[in-house]
Each structure stands twice: as structure tokens, then as C-alpha cells.
Amino acid sequence: MKIAFYSTKPYDKIWFEPLGKEYGFDIHFIEAACNEETVYMAKGYDAICIFVNDYVNADMIDALYEMKVKAILLRSAGYNHVNVKAAEDKLAVLRVPSYSPEAVAEFAMAMLLTINRWTHKAYNRTREFNMSLNGLMGMDLFEKTAGVVGTGKIGQAMIRIFNGFGMRVLCYDPYPIEGLDAEYVSLEELLGSCEVISLHCPLTEQTKHMINAKSIASMKNGVYLINTSRGGLIDTDALVEELLQKKFGGVGLDVYEEEEGLFYEDKSGQIITDDNLARLMTFPNVLVTSHMGFFTKEAMQAIARTTLENAYAVENGLPLINQVGKEMAL
Ligand code: NAD
């Protein structure tokens, strides 16, 4: 199988190169992102392999189909960047449904600990021998209430972590499951009752901007909000406005509505034209990271293995257990 591998970073090759050889795949590593301008590069390949800030819309599906590309291999669990409905009957779309939920949940906790205890500030201060503690006071997490929105794989890992810190855990999911060490409540109750809120649901038409001016108003003053899911869950205009109003104790954003083309790239020498992002960077109690919750050795290895198992299944006509079907279209 010949695979056009878009958005390649050096760390992708560590696992994909040797594993691809084991499978006998011919993987062509392309640095460019997959979009309307670069889709033509898939000509002559059996599959394309893409990451979260690539996209494939309906026109690109048609182009790929004409090029006889058979599959879109997603190196992610989320698939909101592919028009799954348009791909039906044309190309198989396969994802990595689970690699390391703990990687993302542990990162969400790292973000919370950072913004709550100001370690990002303390690091810079002590390097300049500013040993003052002024402005660095945090709050105990022990016995506080944490809210988990979305109790899928990552949400469940998050619940375990919050419980480990001795927190009371509330959760919300339209499809509740049994046996969790957390109490299901309505979304409204969760938003209004928690000192910490962590988002772990997918981006869909229903969840887009679920965190908006109205829902933020219903939260406790001084709340900590962590988003490691998808940027579109939060209305960034409303978030910035409420940050200015000093609503939040802190905000941790591993994802951002307009991250495409920005995250994963070194833009340090360029002028940033995104005013919301530039504004977010000015708040001392906001931590923005570049969609890296997944980024552990274990997760990367698992992503490579499942992605190439998916490719193997397509090549050999095996059941496509990780196919994203049209019924899953967002
Ligand atoms: P999952 O499919 O196991 O769980 C998602 C859960 O969200 C499900 O239980 C679902 O019922 C629930 N849900 C659906 N609609 C909802 C709504 N309106 N309100 C509340 N809950 C709702 O997915 P997962 O593996 O736990 O991943 C969760 C999200 O994390 C993914 O969708 C992806 O966007 C994000 N993610 C981020 C990173 C990162 O690096 N930051 C890595 C992997 C995944």
C-alpha cells in the first residue's frame, strides 16, 4: 500500500517509519498539511494519512475518489475535520478510537495544577532570582468539586484523577454509563456547582459553543476551566470577555477554535493576526498549549500501530473495525 502521510513532524517518523517497513507499506512523508491546495499530492497513492489540523471536505473527497485513493487514515480519535457523509460509498475513513486516554487526562490535570498553583509564573520568577510569592497563591483541590463534561474514555480517566486528589466529582453526558466514581447531574447543575470544569466531549453541532456567554454566567466566580477536547466547544469571544470581567480563576486551553494552520507550527518570528489568541496570551491566569494532550511515547506508539493496522485491513479486505460510518457523522 502506498500512503501519502500529510503534516509530517519529525516525531511522527520515529514510530511510523519502522512500523511501516514491517508492514511493507510505502509511506511518503509530506510536511504540508492536507487541504484544498495540497490534496493533489495524493495522486498515485492508495491512502492518505492525516492529523487533526488537516481537513478533507466534500470537494476533496471527490478529488481523492477520482485519484483512486481508497482510504483516509486518521491519526486521531476525533474526526470532525473530515466530511464523513461525503465519503460514504467512496472512501473508507478510519480512525484511532483509543490510544491513551490517560495521556490527555493527565495533561488536563497538569494544566489545572499549573494555572492554579502558578508554576508557569514561578518558573520564570526564580530563574531571575525573584523569590517573591506575591500573586502566586492557589487553592487546595482537596474536597473541591470538579465537573467532567463527557464521560467517554478520557472523561473516565479524568474522573479517576480528580478522585485521586480527593475531589468530589460531578459529571454530565447524554449517554450516562454505570459504575463511575462520580455523580451524574444535568449540564446546568454541573456548570453552576463546580470549582473546576474539564471538557471531554466531541465537537458536534450540539456541542459547538456549549461554553458561551450564558453558560459562563451560570458558573461560579473564580471557576477553573480546562479544555483539552476541541476548541469549538468554547465561544472564544465570550471567553475573552468573561476573562476581562475576572470571572475565571484560571483557564487552560490545549485546543483553540482557530488553531488550524497555527498550532504545531513555529510562528515565533511572525506577526500573529488572530486578536483573540493574542489577547488570551496576555492573561496571567490563562495557559494555552498547542494541542499536545495526546503527546506521550505510549500514545504515539499506539497511534502508529492502530493507524497501520487500519491500513492493513483496507489492503487485505479485512473487517474495518475502526471505520467512521456515516451514522457517526457529526
Ligand atoms: P469518547 O468518544 O470516548 O467520549 C466522548 C464522550 O462525550 C461520550 O461519552 C459521549 O457520549 C459524550 N458526549 C457526546 N455529546 C455530548 C454532549 N453534548 N455533552 C456531553 N458529553 C457528550 O472520546 P474520548 O476518547 O474520551 O475523547 C474526547 C475528546 O477529546 C475527543 O472528541 C477529542 O475531541 C478530544 N481529544 C483531544 C486530544 C488532545 O490531544 N488534546 C487527544 C484525543 C482526543
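Up top you'll find the structure we're talking about.
So, a few notes on the structure that sits alongside this text. (Residues numbered from 1 in each chain as written. Predicted model: local features only at pLDDT ≥ 70, side-chain atom pairs only at ≥ 80, totals over all residues. Heavy atoms only, no water.)

### Focus: the site of the ligand
Move 1: The full set close to the ligand counts 23 residues, and Tyr-99, Lys-153, Ile-154, Asp-173 and Thr-228 are the nearest of them.
Move 2: For the ligand, an oxygen atom lies 2.6 Å from a polar atom in the side chain of Asp-173.
Move 3: When the free accessible area of the ligand is taken as 860 Å², the share hidden by the protein chains comes to 85%.
Move 4: Residues belonging to the shell around the ligand are distributed by class as follows: 10 nonpolar, 9 polar and 4 charged. (Near = heavy atom within 4 Å. Polar contact = N/O pair within 3.5 Å; in protein donor to acceptor, adjacent residues only side chain to side chain. Areas by Shrake-Rupley, 256 points an atom, 1.4 Å probe, with all protein chains shown as cover. Nonpolar A, V, L, I, M, F, W, Y, C, P; charged D, E, K, R; others polar.)

### Let's talk about the sheet that holds strand β1 (residues 2–5)
Move 1: The parallel open sheet is built from 5 strands, whose spatial order is β2-β1-β3-β4-β5. Every interior strand has two partners, whereas the edge strands, β2 (26–29) and β5 (92–94), have only one. Here the average twist between neighbouring strands, direction ignored, is 20 degrees.
Move 2: Bridge analysis of strand β3 (residues 47–50) against strand β4 (residues 71–74) gives 4 bridges, and the strand direction is parallel. Note on β4: the bridge partner recorded for Ile-48 is Ile-72.
Move 3: Each of β1 and β2 touches helix α1 (residues 10–23); the most contacted strand, β2, lies at about 160 degrees to it. (Pairing = 2+ DSSP bridges. Helix = DSSP H or I, 4+ residues; strand = E, 2+ residues; numbered from the N terminus. Axes fitted to C-alpha atoms, helices over the stretch in contact; angles between N-to-C directions. Contact = heavy atoms within 4.5 Å.)

### Quick word on the pattern of salt bridges
Move 1: Applying the stated criterion to the full structure yields 7 salt bridges.
Move 2: Across the pair Glu-265 and Lys-9 runs a salt bridge, and its minimum N-O distance is 3.1 Å. Of the two residues, Glu-265 is situated in the loop between β11 (248–253) and α10 (275–282) and Lys-9 in the loop between β1 and α1; the sequence distance between them amounts to 256 residues.
Move 3: With relative accessibility at 16%, the residue Lys-9 sits in the buried group.
Move 4: Where Lys-220 meets Glu-195, a salt bridge forms, and the shortest distance between an N and an O atom there is 2.8 Å. With Lys-220 in the loop between α8 (213–217) and β10 (223–227) and Glu-195 in the loop between α7 (187–193) and β9 (196–199), the pair connects residues that are 25 residues apart, well separated along the chain.
Move 5: The partly exposed category is assigned to Lys-220, whose relative accessible area is 33%.
Move 6: Given the relative accessible area of 18%, Glu-195 is considered buried. (Salt bridge = Lys/Arg side-chain N within 4 Å of Asp/Glu carboxyl O. Buried < 20%, exposed > 50% of the residue type's maximum accessible area, 1.4 Å probe, protein only.)

### Notes on unusual backbone geometry
Move 1: For Asp-89, which is not glycine, the phi torsion reads 65 degrees and is therefore positive.
Move 2: Counting through the fold element by element, Asp-89 comes out in the loop between α3 (84–87) and β5.
Move 3: Residue Asp-89 is classed as exposed on the basis of its relative accessible area, which comes to 72%.
Move 4: Within the chain, Tyr-264 stands out as a residue other than glycine whose phi angle is a positive 75 degrees.
Move 5: Here Tyr-264 is to be found in the loop between β11 and α10.
Move 6: A residue is classified by how much of its surface remains accessible, and Tyr-264, at 17% relative accessible area, is buried.

### What about the environment of Ala-47?
Move 1: Positionally, Ala-47 belongs in strand β3.
Move 2: Sequence spacing of Ala-47 and Ile-14 is 33 residues, and the spatial spacing of their C-alpha atoms is 20 Å.
Move 3: For Ala-47, the residues in contact, after removing those within four places along its chain, are Met-1, Lys-2, Ile-3, Ala-4, Val-69, Ala-71 and Leu-73.

### A look at the state of the cysteines
Move 1: Applying the stated rule across the entire model yields 0 disulfides.
Move 2: Free of any disulfide, Cys-49 has its nearest neighbouring cysteine sulfur in Cys-34, separated by 10 Å.
Move 3: Left unpaired, Cys-194 is separated from the closest cysteine sulfur, that of Cys-171, by 9.8 Å. (Disulfide = S-S within 2.5 Å.)

### Some details on the sheet that holds β9
Move 1: Strand order in the open sheet formed by 7 strands is β8-β7-β6-β9-β10-β11-β12, with parallel pairing between adjacent strands. Of all strands in the sheet, those bounded by a partner on one side alone are β8 (183–184) and β12 (286–288).
Move 2: Pairing analysis gives 4 bridges linking strand β6 (residues 145–149) to β9, with the strands arranged parallel. Bridging across to β9, Ala-146 finds its partner in Val-196.
Move 3: Of the strands in this sheet, β10, β11 and β12 are in contact with helix α9 (residues 236–244), which crosses β11 at around 145 degrees.

### Here we look at the nonpolar core
Move 1: Ile-197, Ile-211, Leu-225, Leu-239, Phe-248 and Leu-280 are the most contacted members of the largest nonpolar core, which totals 34 residues.
Move 2: Only α7, β9, β10, α9, β11, α10 and β12 provide two or more residues apiece to this core.
Move 3: With 4 residues, the top contributor of residues to this core is α9.
Move 4: Those residues in contact with Ile-197 that sit more than four places away from it in its chain are Gly-147, Val-149, Leu-190, Leu-191, Met-219, Val-223, Tyr-224, Leu-225 and Ile-226.
Move 5: Counting residues in hydrophobic clusters, the runner-up holds 25 residues, among them Met-1, Phe-5, Phe-29 and Ala-304. (Core = buried A, V, L, I, M, F, W, Y, C linked by side-chain atoms within 4.5 Å.)

### Observations concerning the packing of aromatic side chains
Move 1: Under the counting rule described, the total for this entry stands at 9 aromatic pairs.
Move 2: Every member of this aromatic cluster is reached through a ring pair, and the members are Tyr-11, Phe-51, Tyr-264, Phe-294 and Phe-295.
Move 3: Sitting over the face of the ring of Tyr-45, Lys-2 holds its NZ or CZ atom 5.2 Å from the ring centroid. (Phe/Tyr/Trp six-rings, centres within 6.5 Å; stacked < 30°, edge-to-face > 60°. Lys NZ or Arg CZ within 6 Å of the ring centre and 35° of its normal.)

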